[in-house]
Structures are given as structure tokens and as C-alpha cells.
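Topology and contacts: notes
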Amino acid sequence: MNLKLRWFAFFAVNIYFSNAVAQSVTDKGNTSGAGYHQVNARPNASSNNWKTYTAKTLDKLPGFKIKADPALNNYGSWKINQSAATGFFRVEKRADRWWIVDPEGYPFIHRGVAVFRPANSDLQKEALAKKYGTAETWIKQESQLLKDNGFNGTGAWSDVERIRQSENPLVYTVIVSPMGSYKSEHQKKFGGKYKVAGWQGFRFDLAMVFDPEFDAHVEKTISVIAKYASDKNLLGYFTDNELPWKNDALDRHLNFLAKDEAGYIAAKKWLDERKGKDASVAEINDEDRLAFSGFYFETYLKKVAAAVRKYDPNHLYLGCRFNQESEELKNPEIFKVAGKYMDIVSINHYRKWEPVQSIMADWASWSGKPFIITEWYTKGEDSGLPNKSGAGWNVPTQTD
């Protein structure tokens, strides 16, 4: 399969085989793990640090032998182990395992490609017209291509409207970005550009969750989802992507913001109440930082989650796509808050060759909710594309 795409594979990692499925697909098979694929990889195109990694595929797993999948329904779910059908996607915990359950009540594993859409440059439009003729032909043929290769859905930033209008739609997700789009309004206060900003473009790497103007912006940005409320092919919603939930957000609010800014006022009030006095930045300790990170994040999350529920009470809220390995992904307070408001915690999984069980166990324990991997990818350097951007691994070939 030599598909010249950068795939963002989109899997629910807290979803496992039920006993019935395991019995239908396992046999004696490979019992030692011998013969796993060995793949050369480097973290990105600018690195010369090539290493050999073990790539584990289902056909090589010890004690596991692949047989034909059970029959699929229109959502791409296995038609087994049916539970209550609610007409929309939901989550359900069976024994110690979380499952996404489709509108017909069947367990569902979302396997999707993000950014599934035609591109907009003149050259790309010309190529699309030459190969497909129309965008309608594109969506029909490319949707079938994904299904033929085992995919059943799409991730963020996909062409939702064309997907919805297609004859047999893929399961899709919608991303709305209230904080991301509010940033452009906030920048106007500073001449249209921040003097100091992090890699996501936020001033001092702070999300402006305390701004009263943000509340109105949340309502305006998220209200557009009402049109999807009755669509059974929608899995759920993301709000924003990889926001800067910094461990030292309390220090940043008090050190960098003006004393009349909403963020400074909220942070100073929080610290004074916690210390029981007029407290200084010098008195902040790591316990304060951890506690404030939960308060700061919850200020954002309760606003956006309430708006999602208001305009669409039927579908799943999938969170805001955590990413920072040394910050929110290791922060129990962030995950505790996430568990209060999210149906599934979305995580963009980078800088690890394979998932680490102890880390995933923390995410599940801290949040009490299932999580889903919403971005990961590997780039074959023989694809004919530059492959110089992004956080995914680089490997020599498409076969790798």
C-alpha cells in the first residue's frame, strides 16, 4: 500500500477485545514474539540519530492469530456483543474495559485519518480536478479507499460537510476552537501582535481563560455545532488543540501580566485566598502550582463543555487534545478536571515509539475516563513529499 498521504491514525487505546472477540480471532499462533519487524527511524528529518526500533504488528503477537473480522455494520463496528442502542455514539465500561458504543449498540473502535480534505492551493485544486473531476467524486472514491484499508472514520480538520453529504458517510468528528480563535481578538489589544509568545502563538504561553470577553466568544464559536445535533454519524467534538497548559502558569500570570488584566486579578485572588494573606510570587511552591493548574484548566473546561452540552446534548465531548509530555500529560490535576467534563480524553501521542503502560495507567486512574489517541503518524521518506515538518517519526520507506 503506497498511499502518498501523511496519515494521522486515530485510535481509541483504552478499548480492548472482549472475551467473545478474543475467542474468535486467537489461536496458537506465534508464541514467542520472534520475528517482530525491525525498523530504522529518526525523530524528524533534521535528526541524524537513526535507531532500530521493534515494530509490533498483530500477525506477530505471541499467541495471537488473525482470522476474519466479524461482520461490520454501516459504522464499521463489529456486529457482536450488542448492548443498548441510543441512536448516538456513547461510552460504556464493561468489566474493567471502556468501549465506544455505536448508535446501534455495537462496540466500536474508531480508526480514522485526520485532515481528510482536499487542499486549497491552485496546484492542488488542479490536481484534484485532473484526477477526480469533482469534489463529489473525490469524497466517494477516497472514502472507499479508507474503508478498503480498514479505516472507518475521520479525525479533526476533515471535510465534514462533504463527508455528511456522501452516500455512505464515514464516522466523523468536529473540532471547534474557541480559545484559538479568541486569540486573534485578544491580539488586537496589543497592536495585532504579541511581543512574547510560545510556539502555539499564545502570549506568555497563557490561555486567556479568565477574560470576560472569552465567555461571549465561547458561546458564539460553539453555537454553530447545533446543526450536527441529530447526525448519527458524528462521534463527537473537540474544542481547541494542544493549548499551553503550563506547569508554572501561576507564576506566569503574576510575573508577566499587568495588574489590571483579568488573568492577573484572578491568579492573585486565588493565591491570596490559598495562603490566607496578601501573598507574593516568592511564596509560591510546587503544590500551589499544581493546584492552580487545575483551577486554571477548569475555568476553561467548564465553559466550553457547558456550551457543547447546550448546543448538542446528544454527542460525546472529546476534550481539547493534550500534547505536552512534560506538562499536562504528567499532571494529575489536569486529568482529574478532564474526567469531570469530558466523555473521552483526547491525547496527541508523540515522542514515544510505542505506548508506555505505566503512563497510560496514570491517565486512566487520574481521570476515571477512557482516553483516545487523536494524533500519531510516521512518514516514509520515499513518499515524494518533503516530510520535514510535524512531530511524527521518519522512516526510510512506505513499507517501513
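The coordinates are above.
Residues numbered from 1 in each chain as written. Predicted model: local features only at pLDDT ≥ 70, side-chain atom pairs only at ≥ 80, totals over all residues. Heavy atoms only, no water.

**Quick word on the nonpolar core**
- Formed by 69 residues in total, the largest nonpolar core has its most connected members in M179, W245, F297, Y300 and F322.
- The element best represented in this core is helix α9 (residues 286-311), accounting for nine residues.
- Excluding anything up to four places from it in sequence, F297 contacts W245, C320, F322, I334, V337, A338 and M342.
- Counting residues in each nonpolar core, the second largest holds 13 residues, with Y75, F89, L235 and F238 among its members. (Core = buried A, V, L, I, M, F, W, Y, C linked by side-chain atoms within 4.5 Å. Buried < 20%, exposed > 50% of the residue type's maximum accessible area, 1.4 Å probe, protein only. Helix = DSSP H or I, 4+ residues; strand = E, 2+ residues; numbered from the N terminus. Contact = heavy atoms within 4.5 Å.)

**A look at the environment of D382**
- Within the secondary structure layout, D382 lies in the loop between β14 (378-380) and β15 (393-395).
- Linking D382 and Q398, residues 16 residues apart in sequence, is a C-alpha distance of 6.6 Å.
- In this view, D382 contacts P396, T397 and Q398; residues no more than four positions away in its chain are not counted.
- Looking at D382, its side chain comes within polar contact range of the main-chain nitrogen of Q398, at 2.9 Å. (Polar contact = N/O pair within 3.5 Å; in protein donor to acceptor, adjacent residues only side chain to side chain.)

**Some words on the pairing of strand β12 (residues 345-348)**
- Side-chain alternation along β12 places V345 and I347 on one buried face and S346 and N348 on a second face that is also buried.
- Here β12 pairs with strand β13 (residues 371-375) via four bridges, running parallel. Bridged to S346 within β13 is I372.
- Chirality of the crossover, the property in question, places the unit of β12, helix α11 (residues 357-367) and β13 among those that are right-handed. (Pairing = 2+ DSSP bridges. Right-handed = clockwise from strand over helix to strand, strands pointing away.)

**What about the sheet that holds strand β9 (residues 172-176)?**
- Ordered in space as β9-β10-β11, the three strands form an open sheet in which the pairing is parallel. Of all strands in the sheet, those with a lone pairing partner are β9 and β11 (316-317), marking the two edges.

**Quick notes on helix α6 (residues 212-222)**
- The complete set of buried residues in α6 reads F214, H217, V218, T221 and I222. One side of α6 holds all its buried residues, which, seen down the axis, span an arc of 110°. For α6, the exposed residues set more than 90 degrees away from the buried face come down to P212, A216 and K220.
- Buried residues along α6 sit in contact with β9, α5 (178-187), β10 (234-239) and α9. (Arc of directions from axis to C-beta.)

**Describing the packing of aromatic side chains**
- Inspection of every chain in the model, using the stated rule, returns 28 aromatic pairs.
- The ring of F202 has K183 sitting right over it, with the charged end atom 4.5 Å from the ring centre.
- Sitting over the ring of F238, R321 keeps its end group 4.7 Å from the ring centre. (Phe/Tyr/Trp six-rings, centres within 6.5 Å; stacked < 30°, edge-to-face > 60°. Lys NZ or Arg CZ within 6 Å of the ring centre and 35° of its normal.)

**Quick notes on the pairing of β9**
- Burial within β9 is extensive, with five of its five residues counted as buried.
- Burial along β9 is two-sided: Y172, V174 and V176 facing one way and T173 and I175 facing the other are all buried.
- Here β9 runs beside β10; their pairing, made up of five bridges, is parallel. From the neighbouring strand, Y172 faces β10, where its bridge partner is L234.

**Focus: the pattern of salt bridges**
- Under the defined criterion, the tally for this structure stands at 32 salt bridges.
- One salt bridge in this structure joins R162 and D159, with 2.7 Å as the shortest N-O distance.
- Judged by its relative accessible area of 31%, R162 is partly exposed.
- The class of D159 is buried, set by a relative accessible area of 9%.
- Note that D251 is salt-bridged to R289, the shortest N-O span being 2.8 Å. Here D251, found in helix α7 (residues 249-256), pairs with R289, found in helix α9; they are 38 residues apart in sequence, far enough to count as distant.
- For D251, a relative accessible area of 10% gives the class buried.
- Members of the salt-bridge network, linked through shared partners, are E161, R164, K227 and D231. (Salt bridge = Lys/Arg side-chain N within 4 Å of Asp/Glu carboxyl O.)

**Focus on the side chain of D312**
- Within the fold, D312 resides in the loop between α9 and β11.
- For D312, which is buried and forms no salt bridge, the nearest opposite charge comes from R309, at a distance of 8.1 Å.
- Here Y237 takes part through its side chain, which lies 2.5 Å from a polar atom of the side chain of D312.
- In terms of polar contacts, D312 uses its side chain to reach the side chain of H315, at 2.6 Å.
- Not counting residues up to four positions away in its chain, the partners in contact with D312 are I225, Y228, A229, L234 and Y237. (Lys, Arg positive; Asp, Glu negative; His and termini not counted.)

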